[in-house]
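Per-entry structural report
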Amino acid sequence: MSGEVVLVRKGAYHDSVRLMRVSRALSATPGVEAAMVAMATELNVAVLGDLGFTVPPAGPGDLLIAVRADDPGAAVAEADRWLAEPARPGEAGADGQPPLTTGSAIRREPAALALVSVPGEHAFCEAYDAVVAGLPVMIFSDGVPVALERRLKELAEERDVLVMGPDCGTASIGGVGLGFANVLTPGPVGVVAASGTGAQQVTSLLDWAGTGVSHVLGVGGRDLSAEVGGLSTLRALRLLDDDPATELIVLISKPPAPEVARAVAEAVAGLRTPVISALLGQDATDLTGAAEAALRALGRPVPEWPSWPGPVRGGARKALKGLYSGGTLSAEAALVAGQGDFVDYGDDAYTRGRPHPMIDPAPRVEALARAAETDVVLMDVVLGHAADPDPAVSLAPAIARTPATVVVALVGTGGDPQDLHRQAAALREAGAAVHLSNAQAARHARSLL
């Protein structure tokens, strides 16, 4: 007979990706019926309640270990073993003390760039340290107040450095990917993006067409808002304009504030390097159209974007449901389809205390299980470093089981570690229609209604 235990470890913070891996490993252990190791956020407490666990009082800074198993004590001991991680060689200084702040780390070991990926309420302090030290910084964290974002970017102007983010999911500097990053061949196109998945879509299409990328500079989704004023966008445009390896710039964003749009247009007019803008909802073009415009501007042929057709299930299809991991891809698909109910599972509301859906497929697997026979489900699958190492392992069985008709926008390159062609084949065999272009996937989904 199985037993159950829920432990609360006060103030024991661990990264959500690591906790997801521990939860998966523990759940797969023989004799374990159910297990979850997570921070005690409101969402995670609700999930544990759905699993039948009673959670003691705890706050979002506390660690929960919940186990239902033949031997709960042994399962908790296994969780503790996986959570214990020895310090890596070289982390501590001569006195045995590792650096406690970004500033002290920079003073100990010179760096060219700082990457901040901590809970949002702590991200400003770490990024501030980096900017004060004269380093460009990429802030992967979300949840930073917009007023602090503005202050940080004003300081960056004073220190002549670039702030990428907050909530910057993707960047590539001289071929080195940061955050969620596809494997891209070097080439003449520089990208400035207030959108991580938007940048991944455009650069993946360019890569498929045989055109490489010099740099991808993410600026954070709010940079072109009136509150922030496009400070990082303007600096990123100047940086790429001065880069001899960049022959063409693609600017990707959702619609900016009108006054910011005017400032950006004035800056673009003064650049030596031509700029192609892809402003969703404002320009007539979509992300695929922006990639095609870039190819034409470089005098290169526009290929036929690949697709792998799948079967159409059921009879009449009445409703379109978008289950997305990328906010810009979700917004683009909704604009192109012109109808439907779209959910961006990468939004802050879904990722507090949980891994991003590009890493953890569970929320969308559950959503597929709830789909009806009359639904057309449109979803993205984003490949690259830091993403799920094999998304088809979880998504293909869920696609095969759902009664809905499924259309997938597969965003990635041939060099990505997940193997683009293998992922496409597995998703198609499960019953999905697969497109490399998100816009074309949305048009196909619309045509099925």
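Before any of the text, the structure's been laid out above.
Attention here is on the structure that accompanies the text. Position numbers for residues count from 1 along each chain, tracking the sequence in the order it is written. Under the rules for a predicted model, residues below a pLDDT of 70 receive no local features and side-chain atom pairs below 80 are neither given nor counted, while totals for whole chains, interfaces and linings still include all residues. The side-chain figures draw on all heavy atoms in the structure; neither hydrogens nor water molecules are used.

1. Notes on the overall build of the chain
Segments assigned H or I by DSSP are reported as helices when at least four residues long, segments assigned E as strands when at least two residues long, and all are numbered from the N terminus. Of the regular secondary structure elements, the chain holds 16 helices and 18 strands. For the chain, the C-alpha radius of gyration of 23 Å lies close to 22 Å, the compact-globule estimate for 449 residues. Referenced to the eigenvectors of the C-alpha coordinate spread, the extents of the chain come out at roughly 70 × 70 × 35 Å. The burial tally for the chain puts 51% of its 449 residues in the buried class. Any two residues whose heavy atoms approach within 4.5 Å are treated as being in contact. Put simply, 74% of the contacts in the chain that link residues at least 6 apart link residues at least 24 apart. What sets the accessible areas is the Shrake-Rupley method with a 1.4 Å probe; for residues, cover comes only from the shown protein chains. About 19,100 Å² of surface is accessible on the chain, with carbon and sulfur atoms providing 54% of the total. Positive charges are assigned to Lys and Arg, negative charges to Asp and Glu, while His and the chain termini are left out of the count. Taken as the charge centre is NZ of Lys, CZ of Arg, CG of Asp or CD of Glu, depending on the residue. The average position of the 35 basic charges and that of the 52 acidic charges among the side chains of the chain differ by 2 Å. In this treatment the radius of gyration is a C-alpha quantity, and the globule benchmark scales as 2.2 Å times the residue count to the 0.38 power. Remark: exposure states derive from per-residue accessible area (1.4 Å probe, protein chains only) relative to the maximum for the residue type, with buried under 20%, exposed over 50%, and partly exposed in between.

2. A word on the packing of aromatic side chains
Any Phe, Tyr or Trp ring, taking Trp's six-membered ring, that has another such ring centre within 6.5 Å forms a pair; planes under 30 degrees apart are called stacked, those over 60 apart edge-to-face, and the others tilted. Under the defined criterion, the tally for this structure stands at three aromatic pairs. When the centroid spacing of 5.7 Å and the interplanar angle of 40° are considered together, the rings of Phe-124 and Tyr-128 count as tilted. Highlighted residues: Phe-124 and Tyr-128, both in helix α5 (residues 120-132), separated by four residues, approximately one helical turn. A ring has a charge above it when a Lys NZ or an Arg CZ is no more than 6 Å from the ring centre and no more than 35 degrees off the ring normal. A cation over a ring is seen here: Arg-68 above Phe-53, with NZ or CZ 4.4 Å from the ring centre.

3. Focus on the pairing of strand β11 (residues 248-253)
Taken residue by residue, a regular strand's side chains alternate between the two faces of the sheet. Burial of β11 is extensive: six of the six residues sit out of reach of the surface. By the alternation rule, side chains of β11 split into Leu-248, Val-250 and Ile-252 and Ile-249, Leu-251 and Ser-253, which are all buried. Two strands pair if DSSP finds at least two bridges between them. Bridge count between strand β9 (residues 186-193) and β11: five bridges; the pairing is parallel. Each bridged residue has a counterpart across the sheet, and for Val-192 the counterpart in β11 is Leu-251. Of the pairings in the sheet, the one linking β11 to strand β12 (residues 275-279) comprises five bridges and is parallel in character. Across the sheet, residue Val-250 finds its bridge partner in β12, namely Ile-276. Crossovers are described as right-handed under a simple rule: with the strands pointing away from the observer, the path leading from the first strand over the helix to the second runs clockwise. Crossover β11 to β12 through helix α9 (residues 258-269) is right-handed.

4. Observations concerning the packing of helix α8 (residues 231-241) against α9
Lines fitted to C-alpha atoms define the axes here, with helix axes fitted over just the stretch in contact, and angles between the N-to-C directions of these axes take values from 0 to 180 degrees. Close contact between α8 and α9 brings their axes to 10 Å; oriented N to C, the two are set at 10°. When the axes of α8 and α9 are compared, the pair comes out roughly parallel. Residue-level inspection shows Thr-233, Leu-234 and Leu-237 of α8 in contact with α9, the latter providing Ala-263, Val-264, Ala-267 and Val-268. As a working rule, the residues Ala, Val, Leu, Ile, Met, Phe, Trp, Tyr, Cys and Pro are called nonpolar, Asp, Glu, Lys and Arg charged, and the rest polar, with Gly in that last group. Considering only residue class, the contact of α8 with α9 consists of six nonpolar, one polar and no charged. Roughly parallel means an angle under 35 degrees; roughly antiparallel, over 145; roughly perpendicular, 65 to 115; everything else is oblique.

5. A closer look at the sheet that holds strand β2 (residues 32-39)
Read across the open sheet, the three strands follow the order β1-β3-β2; overall the sheet is antiparallel. At either end of the open sheet lies a strand with only one pairing partner, and these are β1 (3-9) and β2. Going from strand to strand, the sheet's axes swing by 5° on average, the running direction of each strand aside. As judged from the seven bridges shared by β2 and strand β3 (residues 63-69), these two strands associate in the antiparallel manner. Each residue of the ladder has a partner; that of Val-32, found in β3, is Ala-69. Contacts from helix α1 (residues 16-27) reach β2 and β3 within the one sheet, and its direction differs from that of β2 by about 170°. Lying on the sheet, helix α2 (residues 42-50) is in contact with β2 and β3; it crosses β2 at an angle near 170°.

6. As for the nonpolar core
Buried together is how nonpolar side chains tend to be arranged in soluble globular proteins. Ranked by internal contacts, the top residues of the largest apolar core, which has 73 residues, are Leu-378, Val-408 and Leu-427. Aside from chain neighbours lying at most four places away, what touches Leu-378 is Leu-320, Lys-321, Gly-322, Leu-323, Tyr-324, Ala-333, Phe-342, Val-407, Ala-441, Ala-442 and Ala-445. Side-chain atoms within 4.5 Å are what join buried Ala, Val, Leu, Ile, Met, Phe, Trp, Tyr and Cys residues into a set we call a nonpolar core. With 21 residues, the next largest nonpolar core counts Ala-171, Leu-178, Ala-194 and Leu-271 among its residues.

7. Observations concerning the side chain of Glu-292
Tracing the chain through its elements places Glu-292 in helix α10 (residues 287-297). We count a salt bridge whenever a side-chain nitrogen from Lys or Arg sits within 4 Å of a carboxyl oxygen from Asp or Glu. Although Glu-292 is buried, it makes no salt bridge; Arg-296 carries the closest opposite charge, 4.4 Å away. In this structure Glu-292 touches Val-302 and Trp-305, once residues within four positions along its chain are discounted.

8. Describing the environment of Ser-447
Residue position: Ser-447 is located in helix α16 (residues 438-447). Each C-alpha atom of the pair Ser-447 and Ala-337 lies 8.8 Å from the other, and the pair is 110 residues apart in sequence. Nitrogen and oxygen atoms within 3.5 Å of one another constitute a polar contact, given that in protein one can donate a hydrogen and the other can accept it, and given that sequence-neighbouring residues count only through two side-chain atoms. Polar contacts involving the side chain of Ser-447 include one to the main-chain carbonyl oxygen of His-444, which spans 2.6 Å.

9. Looking at the side chain of Arg-235
Tracing the backbone through its elements, the reader meets Arg-235 in helix α8. Judged by its relative accessible area of 9%, Arg-235 falls in the buried class. Here the side chain of Arg-235 touches Val-161 through a polar contact of 3.4 Å, landing on its backbone oxygen. Beyond its immediate stretch of four places on either side in the chain, Arg-235 contacts Ala-156, Glu-157, Asp-160, Val-161 and Leu-162.

10. Description of the state of the cysteines
Note on terminology: pairs of cysteine sulfur atoms within 2.5 Å are recorded as disulfides. Applying the stated criterion to the full structure yields zero disulfides. The cysteine Cys-125 is free of any disulfide, with Cys-168 supplying the nearest cysteine sulfur at 20 Å.

11. Regarding the environment of Val-275
Locating Val-275 in the fold gives a position in strand β12. Sequence separation between Val-275 and Ala-392 is 117 residues, and the spatial gap between their C-alpha atoms is 36 Å. Those residues within four positions of Val-275 in sequence are excluded, and the remaining contacts are Ile-249, Leu-251 and Val-268.

12. Quick word on helix α6 (residues 146-159)
How far a helix is expected to stretch is found by multiplying one less than its residue total by 1.5 Å. Here α6 contains 14 residues, and its C-alpha end-to-end distance of 20 Å stays within 8% of the 20 Å for a straight helix at 1.5 Å per residue. One or two steps after α6, the chain reaches Asp-160, where phi turns positive at roughly 60°.

13. Comments concerning unusual backbone geometry
Cis geometry is found at the peptide bond from Gly-165 to Pro-166, where omega equals 5°. Along the chain, Pro-166 turns up in the loop between β6 (163-164) and β7 (170-173). In the Ramachandran plot, Asp-160 falls in the positive-phi region, its phi being about 60° despite a non-glycine side chain. With respect to the secondary-structure elements, Asp-160 resides in the loop between α6 and β6. Even without being glycine, Asp-419 reaches a positive phi, approximately 70°. Relative to the assigned elements, Asp-419 resides in the loop between β17 (405-411) and α15 (420-429).

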